[in-house]
Amino acid sequence: METDFGGAFYQRLGVKRVINAASWITVYGGSIMPPSVVQAMEDASHWFVDMHDLNQKAGDVIAKFTGAEAGLVTAGSAAGMLLEAAACMTGTDPAKRHRIPDTTGMKSEIVIHRAHRVNYDHNFRAAGATLVEIGNSGSTQEWELEDAIGENTAAVAYIFGPRQAGALPLPKVVEIAHAHDVPVIVDAAAMLPPLENLSRFITEGADMVSFSGGKGVLGPQSTGILCGRGDLIEAAYMNGAPNSEGIGRAAKVCKEEIAGLITALELFVDTDQQAVAAGWRAKSQHVVSALRDVPGLRVELAEAEPDRDEAFTTSARAIIFFEKSWKGPDRQAVVQKLIDGDPSIRVGAAQNSDGIAIIPVNLGDGEEAIVASRLKEILAGKA
Ligand SMILES: *Cc1c(COP(=O)(O)O)cnc(C)c1O
């Protein structure tokens, strides 16, 4: 990944450059699009098209790659969650579509594991749904799901987020929900890569799955991928742009973004993800090697977790812990000095924020060396 060019616009506005060792985080700009993705967006900017035609054809590409019946380009995984909830409540009924977030006369409860509650579930609620929680922070019983499903249940939600502790496995949730004719809607925003996840949750029986387009897929940061059952995708589409009514109209996707996302998806499917992962490990290893001998620190290479139960563990990363014997600046001071530099360096947290994680997925080539040497200076009290 090359990042060391451009920037004239930011300089004109006086916006500082950030080296992003914190992963695909929206607040630092998400990801850097490959040149062919930007080129596809530029190319798409010259024509008018019928947006229904474009959305249909783009959806067909998503369907092909995910194995789902249908697909839709959304304005991010959070927008996908809004449309999932809306679709399950309104179906294709125009009166219901008009009425939400007032859910009078429709099923409006979404069952969700307590362990799956995340900030982003606001998007289910924004459509008008009420969340019905099951389980506790460490375990969930099958009977709790059975018991929570009732006459007013619109869907069961399943979130692949920061906490998975004690959640029922997705196939079990699907089995129970489907026995009651209730659809299962999934947020798998940060679950790509690995590539297998593109079709995995559909294969496991989910009715709709939402991914971010602007994280590991490297599409426009403002895009997402929604896939699933044909009737539900149609209902989702009717609830949003280009239609002028509907709860999803505020999450519009433009033709250039669709071109960028589809091009990024095609590139993602074609990429040797193992080679990418090896590059991430090498960058992490560079940081580990540079800091390993600093007394009072424990510096480790943490591997990616294939069945991750923690967000952002898609890649190997360097983890820095401060031991009791550490005499230098504390974690907070180190992080602040990294932020205050120019370029500003943003890092991740490790283990309840006691440690620092250098997450390599958004480090341009050579940026791992900048991060390592800056850290070394700050840790030695020389900066
Ligand atoms: C990033 C993330 C989202 C939001 O995705 P966007 O594409 O930025 O809208 C939702 N859920 C989880 C678990 C995420 O990690």
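So, how was this worked out
Residues numbered from 1 in each chain as written. Predicted model: local features only at pLDDT ≥ 70, side-chain atom pairs only at ≥ 80, totals over all residues. Heavy atoms only, no water. Near = heavy atom within 4 Å. Polar contact = N/O pair within 3.5 Å; in protein donor to acceptor, adjacent residues only side chain to side chain. Areas by Shrake-Rupley, 256 points an atom, 1.4 Å probe, with all protein chains shown as cover. Patch = residues over 30% accessible without salt bridge, like charges linked within 9 Å, V, L, I, M, F, W, Y side chains within 5 Å. Salt bridge = Lys/Arg side-chain N within 4 Å of Asp/Glu carboxyl O. Helix = DSSP H or I, 4+ residues; strand = E, 2+ residues; numbered from the N terminus. Buried < 20%, exposed > 50% of the residue type's maximum accessible area, 1.4 Å probe, protein only. Pairing = 2+ DSSP bridges. Phe/Tyr/Trp six-rings, centres within 6.5 Å; stacked < 30°, edge-to-face > 60°. Domains from an automatic or database assignment. Expected span 1.5 Å × (residues − 1).

*Asks:* Provide a residue-level description of the site of the ligand, including the pertinent values.
*Replies:* Within the structure, the ligand sits among T26, G76, S77, A78, Y120, F160, G161, D187, A189, A190, S212 and K215. Note that an oxygen atom of the ligand is positioned 2.8 Å from one of the backbone N or O atoms of S77. Within the side chain of D187, an N or O atom sits 2.6 Å from a nitrogen atom of the ligand. Summarising the interface, the protein chains cover 91% of the accessible area of the ligand, which totals 390 Å² for the free molecule.

*Asks:* So what about a nonpolar patch on the surface? Which residues, and what values?
*Replies:* A cluster of nonpolar side chains, namely F9, Y10, L13 and V15, defines an oily patch on the protein surface of about 420 Å² accessible area. Within the secondary structure, F9 is located in helix 1 (residues 8-13). Its relative accessible area of 48% is what places F9 among the partly exposed residues.

*Asks:* Go over the pairing of strand 8 (residues 224-228), please, and point to the residues and values.
*Replies:* In terms of residue burial, strand 8 counts as a mostly covered element, since five of its five residues are buried. The alternating pattern of strand 8 places G224, L226 and G228 and I225 and C227 on opposite faces, both of which are buried. Direction of pairing for strand 2 (residues 70-74) relative to strand 8: antiparallel, over a ladder of five bridges. Bridging across to strand 8, T74 finds its partner in G224. Across five bridges, strand 7 (residues 208-212) lies against strand 8 in antiparallel orientation. Bridging from a neighbouring strand, F211 pairs with I225 of strand 8.

*Asks:* I'd like a description of the packing of aromatic side chains, backed by residues and values.
*Replies:* Counting across every chain of the model gives six aromatic pairs. Each ring, one from F9 and one from Y10, has its centre 5.7 Å from the other, and the planes form 65°; the classification is edge-to-face. For the pair F201 and F211, a centre-to-centre distance of 6.4 Å together with 35° between the ring planes defines the contact as tilted. Taken together, the residues span a long stretch of sequence, with F201 in helix 9 (residues 197-203) and F211 in strand 7 at a distance of ten residues. For F201, a relative accessible area of 1% gives the class buried. Exposure remark for F211: the relative accessible area of 0% places this residue in the buried category. Among the aromatic residues, those joined into a ring-pair cluster are Y158, F160, F201 and F211.

*Asks:* So, the domain arrangement of the protein chain: which residues are in play, and what are the values?
*Replies:* Domain assignment breaks the protein chain into domain 1 (8-30 + 272-379) and domain 2 (35-269). Between the C-alpha centres of domain 1 and domain 2 the distance comes to 31 Å.

*Asks:* So, the pattern of salt bridges: which residues are in play, and what are the values?
*Replies:* In this structure the tally under the stated criterion is 18 salt bridges. Salt bridges here are not isolated pairs; linked through shared partners, they connect R114, R117, D121, R125 and E133.

*Asks:* Run through helix 4 (residues 77-90), naming residues and quoting values.
*Replies:* Its 14 residues give helix 4 an end-to-end C-alpha distance of 20 Å, which sits within 8% of 20 Å, the value for a rise of 1.5 Å per residue. Along helix 4, 13 of the 14 residues are buried, which leaves the element largely enclosed by surrounding structure. The positive-phi residue at the C-terminal boundary of helix 4 is G91, with phi of around 55°.

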